[in-house]
Amino acid sequence: MSLTHRNDTETMRRLIADPGTWVVVGLSNNDDRDALRVAQWLKKEMHKAIIPVHPSAETVDGDTGYASLADIPDTDIKVVDCFVNSEHVGEVVDEAIAHKERLQIDAIWMQLGVEDPAAADRAREAGLMVVMNTCPKIEWRRLRGEGAVR
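Parameters at a glance
- Residues numbered from 1 in each chain as written.
- Predicted model: local features only at pLDDT ≥ 70, side-chain atom pairs only at ≥ 80, totals over all residues.
- Heavy atoms only, no water.
- Salt bridge = Lys/Arg side-chain N within 4 Å of Asp/Glu carboxyl O.
- Helix = DSSP H or I, 4+ residues; strand = E, 2+ residues; numbered from the N terminus.
- Phe/Tyr/Trp six-rings, centres within 6.5 Å; stacked < 30°, edge-to-face > 60°.
- Buried < 20%, exposed > 50% of the residue type's maximum accessible area, 1.4 Å probe, protein only.
- Right-handed = clockwise from strand over helix to strand, strands pointing away.
- Contact = heavy atoms within 4.5 Å.
- 1 Å grid on protein atoms, 1.4 Å probe; cavity = no way out; pocket = protein on both sides within 12 Å on 5 of 7 lines; lining within 4 Å.
- Points joined across faces, edges and corners; volume = space filled by probe spheres on them.
- Nonpolar A, V, L, I, M, F, W, Y, C, P; charged D, E, K, R; others polar.

K.L.:
When you look at the pattern of salt bridges in this model, what are you seeing that I'm missing?
P.N.:
Oppositely charged side chains can pair when the atoms bearing their charge come close. Applying the stated criterion across every chain, the model contains twelve salt bridges. The salt bridge involving Lys78 is made with Asp106; its shortest N-O contact spans 3.0 Å. With Lys78 in strand β3 (residues 77–82) and Asp106 in the loop between α4 (100–103) and β4 (107–110), this pair connects stretches of sequence that are 28 residues apart. Through salt bridges with shared partners, one network takes in Lys43, Lys44, Asp61 and Asp63.

Structural data, given as structure tokens:
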């Protein structure tokens, strides 16, 4: 049974400030999607490497895309940022858990409106940090106002 998830301010601060690579699941070149705007902010403002994951595996903003986490070559990933519907995020979390060691994944970030407490529990049990139902861009503004430094 899942406990109520509560985002940890210090975890969010560390993840956003860390220079590590973010995989953005659901990222495409669709200008109407928040995933593209947030990924561009992470890349241009926060200076993070971005790996797009989308079934179309398209290149986004110069970054090579992959159809799934399983297709990403061995690398070190800080955060798997999930821009998928809540009913599909559990599959993404399970795939991240399956590739956690190979990709050195540290955290799952479920975007604003994306919630799956059972998947969050599975991720934590696998040793991953979890943030759920919020956006790093929104949290950065708030945390920066509390004195967070990049």
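K.L.:
How should the packing of aromatic side chains be read in this particular structure?
P.N.:
Each aromatic ring pair is characterised by the separation of its centres together with the angle its planes make. Within this structure, the stated rule accounts for one aromatic pair. Arranged with centres 5.7 Å apart and planes meeting at 40 degrees, the rings of Trp22 and Trp109 form a pair that is tilted. Pair noted here: Trp22 is in strand β1 (residues 21–25) and Trp109 is in strand β4, with a separation of 87 residues, a long-range link. Given a relative accessible area of 0%, Trp109 falls into the buried group.

K.L.:
Would you explain the pairing of strand β2 (residues 50–53) in this entry?
P.N.:
Working note: regular strand, side chains alternate between the two faces of the sheet. Across the two faces of β2 the burial is the same, with Ile50 and Pro52 and Ile51 and Val53 all buried. In terms of handedness, the path from β1 via helix α2 (residues 34–44) over to β2 forms a crossover that is right-handed.

K.L.:
What exactly am I supposed to notice about the environment of Trp22 here?
P.N.:
The exposure class assigned to Trp22 is buried, which follows from its relative accessible area of 0%. Considering only alpha carbons, one finds Trp22 and Ile51, 29 residues apart in sequence, at a separation of 6.4 Å. Every residue in contact with Trp22, bar those within four places of it in the chain, is listed here: Leu15, Ile16, Leu42, Lys48, Ala49, Ile50, Ile51, Val79, Asp81, Trp109 and Pro136.

K.L.:
Would you mind showing me how to read empty space enclosed by the protein here?
P.N.:
Considering all chains together, one arrives at one cavity of 30 Å³ or more under this definition. There is about 40 Å³ of room inside the largest cavity. Together, Leu27, Leu36, Ala39, Gln40, Lys43, Ile50, Val60, Asp61 and Asp63 line the largest cavity. With four residues, the single largest contributor to the lining of the largest cavity is α2. Grouping the amino acids of the lining of the largest cavity by side-chain chemistry returns five nonpolar, one polar and three charged.

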